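Summary of the model geometry
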Amino acid sequence: MEEAIRHIVDAMGAQGYVADRDIATSVHLARRLRKPLLVEGEAGVGKTEIAKVVAAAFGMELIRLQCYEGLDVNTALYEWDYPRQILRIRLGEAEGASARELEETIFDRQYLLERPLLQAISREDPPVLLIDEIDRADEEFEAFLLELLSDFQVTIPELGTLRARSRPYVVLTSNGTRELSDALRRRCLYLWVDYPSLEKELRILRARVPELRSGLDEEVARFVERLREEKLYKRPGVAETLDWARALEDLEVESLEPATVRATLGCLLKDRNDMESMGPAEVERLLTAVLTRSADGDGTEGAAGGGGGGSGGGTGGSEGTGPPEGA
């Protein structure tokens, strides 16, 4: 068991994702028990990246369904290829085919356009199916998912019930914009991904932005940690930390200064009110606390482990980008 967990930590680490024991254990159990994994947490902490990194680490195909309000079955499951069906009808009529023969012909699997959910259960080798931001979809669509997640089969009126050739590994993510049903939760293993600890965020920075000057990486991690403690509408996630670190490296910054922080806050804060709340005095206050702690030192250097359980791993700029650079 311990060896299997360490293997997953190492495999995800090779893809640039700093996984702690909670994340690695959840991934291991989801693979072994063949149950969907529901990953919840704030935006930008690396939820989407878990599915992408697992697919890359174990050489599996990644199939992604991006959820949104109004998502329907046709977009998620299948559509009929109407232009080809019409063409086949005209050819059949020219050949003198009967209406029954035409109906049997055009409602064949070859005229079916597979969308992500049908693709996932049609593969010979099990893929990773990422159902991203399920909380953005309507409750009706969530109810439709229950058949798939319980029996891994779908029903198409013209073709009947289609069962999975191989059972996909399913990862669902949610930012908590609405409450998910108990029925959906019961079908899944659950993982909460929190903001990483200071030590873990520093490890992520060093893994994903290794060119960042030593010392500046610690200042960045400490500043973001303090910034998250402020009363903000949208706190920065790991993705924003990495964006800021890359921006500072590009600007050839040696150490954080108030003017530099103010000029680059747009990498961290994505709301107008949050930007206005971080005026010169507030930035100076946070930066003074950060630089004082960095000068005193508190054992951050060389810290082992990964901080608190279930904290976010490395992401590649935004929640939806792929491994290892670009979830």
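Note: the structure precedes this text.
First, a word on what this report is: a plain description of the structure on this page. Remember, it's a predicted structure, so these values are computed and weren't measured experimentally.

This next bit is on empty space enclosed by the protein. Volume-wise, the largest cavity comes out at about 110 Å³. As for the largest cavity, its lining consists of Val27, Ala30, Arg31, Lys35, Leu37, Ile50, Val54, Met60, Val128, Tyr169, Val170 and Val171. Taken together, the residues of the lining of the largest cavity break down into 10 nonpolar, no polar and two charged.

Moving on, we come to the sheet that holds strand β2 (residues 62-66). Strand order in the open sheet made by the five strands is β2-β5-β8-β1-β9, with parallel pairing throughout. The open sheet has two edge strands with one neighbour each: β2 and β9 (189-193). For this sheet, the mean angle separating the axes of adjacent strands, direction not counted, is 20 degrees. In terms of strand pairing, strand β5 (residues 128-132) meets strand β8 (residues 169-174) through four bridges, oriented parallel. Its bridge partner lying in β8, Leu130 is registered against Val171. The strands touched by helix α2 (residues 21-33) are β1 (37-41), β8 and β9; relative to β9, the strand with the most contacts, the crossing angle is about 160 degrees.

Extensive coverage of β1 is indicated by the burial of five of its five residues. Across the two faces of β1 the burial is the same, with Leu37, Val39 and Gly41 and Leu38 and Glu40 all buried. With four bridges joining them, β1 and β8 adopt parallel strand pairing. Along β8, the bridge assignment pairs Glu40 with Ser174.

Moving on, we get to the pattern of salt bridges. Tallying each qualifying case throughout the model produces 20 salt bridges. Where Glu79 meets Arg115, a salt bridge forms, and the shortest distance between an N and an O atom there is 2.6 Å. Taken together, the residues Glu79 in strand β3 (residues 78-80) and Arg115 in the loop between β4 (112-114) and α7 (116-122) connect sequence positions 36 residues apart. Of the charged contacts in the structure, one is a salt bridge between Glu201 and Arg228, with a shortest N-O distance of 2.8 Å. Remark: Arg228 occurs in helix α11 (residues 216-228) and Glu201 occurs in helix α10 (residues 198-208); sequence separation between them is 27 residues. A residue is classified by how much of its surface remains accessible, and Arg228, at 8% relative accessible area, is buried. One salt-bridge network, held together by shared partners, links Glu40, Glu179 and Arg185.

What counts, and where the lines are drawn
Counting restarts for each chain: residues are numbered from 1 in the order of the written sequence. For this predicted model, a pLDDT threshold of at least 70 governs which residues receive local features, and a threshold of 80 or more governs which side-chain atom pairs are given and counted, while totals over whole chains, interfaces and linings are taken from all residues. To obtain the side-chain values, all non-hydrogen atoms of the structure were included, while hydrogens and water were left out. Both site types are read off a 1 Å grid over the protein atoms alone. A 1.4 Å probe that fits but cannot get out defines a cavity, while an open set with protein on both sides within 12 Å along at least five of seven lines defines a pocket; lining residues have an atom within 4 Å of a point. Grid points are joined across faces, edges and corners, and a volume is the space filled by probe spheres set on the points. Gly counts as polar in this scheme, as do all residues outside two lists: the nonpolar Ala, Val, Leu, Ile, Met, Phe, Trp, Tyr, Cys and Pro, and the charged Asp, Glu, Lys and Arg. A pair of strands is considered paired only if DSSP assigns at least 2 bridges between the two. Under the scheme used here, helices are H or I runs from DSSP no shorter than 4 residues and strands are E runs no shorter than 2 residues, and both carry numbers assigned from the N terminus. Each axis is a line fitted through C-alpha atoms, and for a helix only the stretch in contact is used; angles between axes span 0 to 180 degrees, taken between their N-to-C directions. Any pair of residues with heavy atoms lying within 4.5 Å of one another is described as a contacting pair. Residue exposure (1.4 Å probe, protein chains only): buried if accessible area is under 20% of the type maximum, exposed if over 50%, otherwise partly exposed. The salt bridge definition used is simple: a Lys or Arg side-chain nitrogen within 4 Å of an Asp or Glu carboxyl oxygen.

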